[in-house]
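Residue-level structure breakdown
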Amino acid sequence: MYPDVSIVPLNGKTPRIHQSAFIAPGCRIIGDVEIGPDVSIWYNCVLRGDVNFIRIGARTNIQDGSVIHVDSPAPTKPDGFPTIIGEDVLVGHLAMVHGCVIEDRGFVGLGAIVMSDAHIESDGMLAAGAMLTGGKRVLSRQLWGGRPAKYMRDLDDAAIADMQRGVQHYVRNGQAHKAAVLGTTEG
């Protein structure tokens, strides 16, 4: 359906992509991956659900060059760590998101890393270039930054509104890119 996109079934699991989603050229989507309505997966992203599952909720965007992966089950973690990304989430360019949870309206900045067993609550933000290590939790309306990431400050209403404007922008822009890539006048 999309040019230069690999959709790879693996271990009996085929990626499930909602028909309204935009998957940009260069993307590789493998295994147990589910992508919801109006999601945009931007150019050259890799989503690899090979040893656990990936779920991405409605209107979320995964920006160019990002990698989404999972963590295998093991004796000390029998369920491993899937990657669960909620609705209306912004994931910036070149982010690495691995075996973690990002709740609805969470934000992962450009080049940030979210490691296995980390958690970003609704309206929480991980700053550009930050690294959220395993077991850490960004609470709702908090900004964390640095390597390793630490609490910096609470987010005000304007910052929350700005993140939601970003989500709306990416839904519209994703549909415009989808139409251009598919050579149609519709998304």
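This text gives an overview of the structure that appears in the document. (Residues numbered from 1 in each chain as written. Predicted model: local features only at pLDDT ≥ 70, side-chain atom pairs only at ≥ 80, totals over all residues. Heavy atoms only, no water.)

**Considering the sheet that holds strand 7 (residues 61-62)**
Strand order in the open sheet made by the 8 strands is 3-5-7-10-13-16-19-20, with mixed pairing throughout. Each end of this open sheet is capped by a strand with a single partner; those strands are strand 3 (22-23) and strand 20 (150-154). Bridge analysis of strand 13 (residues 107-108) against strand 16 (residues 125-126) gives 2 bridges, and the strand direction is parallel. Bridge pairing links Val108 to Leu126 in strand 16. (Pairing = 2+ DSSP bridges. Helix = DSSP H or I, 4+ residues; strand = E, 2+ residues; numbered from the N terminus.)

**Brief notes about unusual backbone geometry**
Cis rather than trans, the peptide bond between Arg147 and Pro148 has omega equal to 0°. Relative to the elements of secondary structure, Pro148 occurs in the loop between strand 19 (142-145) and strand 20. Despite not being glycine, Asp88 has its phi angle at roughly 60°, a positive value. Residue classification places Asp88 among the buried positions, given a relative accessible area of 14%. Phi at Arg105 takes a positive value of approximately 65°, unusual for a residue other than glycine. Residue classification places Arg105 among the partly exposed positions, given a relative accessible area of 29%. (Buried < 20%, exposed > 50% of the residue type's maximum accessible area, 1.4 Å probe, protein only.)

**Concerning the environment of Gly145**
Within the fold, Gly145 resides in strand 19. Taking relative accessible area as the criterion, Gly145 reaches 10% and is therefore assigned buried. Distance in space between the C-alpha atoms of Gly145 and Ala130 is 5.0 Å, their sequence separation being 15 residues.

**Quick notes on the packing of aromatic side chains**
Counting across every chain of the model gives 4 aromatic pairs. Relative to Tyr43, the ring of Trp42 has its centre 6.0 Å away and its plane inclined at 55°; by these criteria the two rings are tilted. Look at Tyr43 and you get partly exposed, because its relative accessible area is 23%. When the centroid spacing of 5.6 Å and the interplanar angle of 80° are considered together, the rings of Trp42 and Tyr170 count as edge-to-face. Of this pair, Trp42 sits in the loop between strand 5 (40-41) and strand 6 (46-56) while Tyr170 sits in helix 1 (residues 157-182); the two residues are 128 residues apart in sequence, bridging distant segments of the chain. This pair shows no difference in class: Trp42 is buried, exactly as Tyr170 is. Taken together, the ring pairs in this structure connect Phe22, Trp42, Tyr43 and Tyr170 into an aromatic cluster. (Phe/Tyr/Trp six-rings, centres within 6.5 Å; stacked < 30°, edge-to-face > 60°.)

**As for the environment of Val33**
Among the structural elements, Val33 can be located in strand 4 (residues 28-35). The exposure class assigned to Val33 is buried, which follows from its relative accessible area of 0%. Separated by 28 residues in the primary sequence, Val33 and Val5 have C-alpha atoms spaced 14 Å apart. Discounting residues that sit within four places of it in the chain, Val33 has contacts with Thr14, Pro15, Arg16, Leu47, Gly49, Ile54 and Arg55. (Contact = heavy atoms within 4.5 Å.)

**What to know about the side chain of Ser116**
On the secondary structure map, Ser116 appears in the loop between strand 14 (113-114) and strand 15 (119-120). There is a polar contact of 2.8 Å between the side chain of Ser116 and the side chain of His98. Sequence-distant contacts of Ser116, defined by excluding residues within four places in its chain, comprise Asp71, Phe81, His98, Gly99, Gly134 and Gly135. (Polar contact = N/O pair within 3.5 Å; in protein donor to acceptor, adjacent residues only side chain to side chain.)

**Some thoughts on the pattern of salt bridges**
Under the counting rule described, the total for this entry stands at 14 salt bridges. Taking the shortest distance from any N to any O, the salt bridge between Asp71 and Lys77 comes out at 3.2 Å. For Lys77, a relative accessible area of 22% corresponds to the partly exposed category. Measuring nitrogen to oxygen at the nearest pair gives 2.7 Å for the salt bridge that ties Glu121 to Arg137. With Glu121 in the loop between strand 15 and strand 16 and Arg137 in strand 18 (residues 137-138), this residue pair connects regions lying 16 residues apart in the sequence. Judged by relative accessible area, which is 38%, Arg137 ranks as partly exposed. Through salt bridges with shared partners, one network takes in Arg16, Asp32, Glu34 and Arg55. (Salt bridge = Lys/Arg side-chain N within 4 Å of Asp/Glu carboxyl O.)

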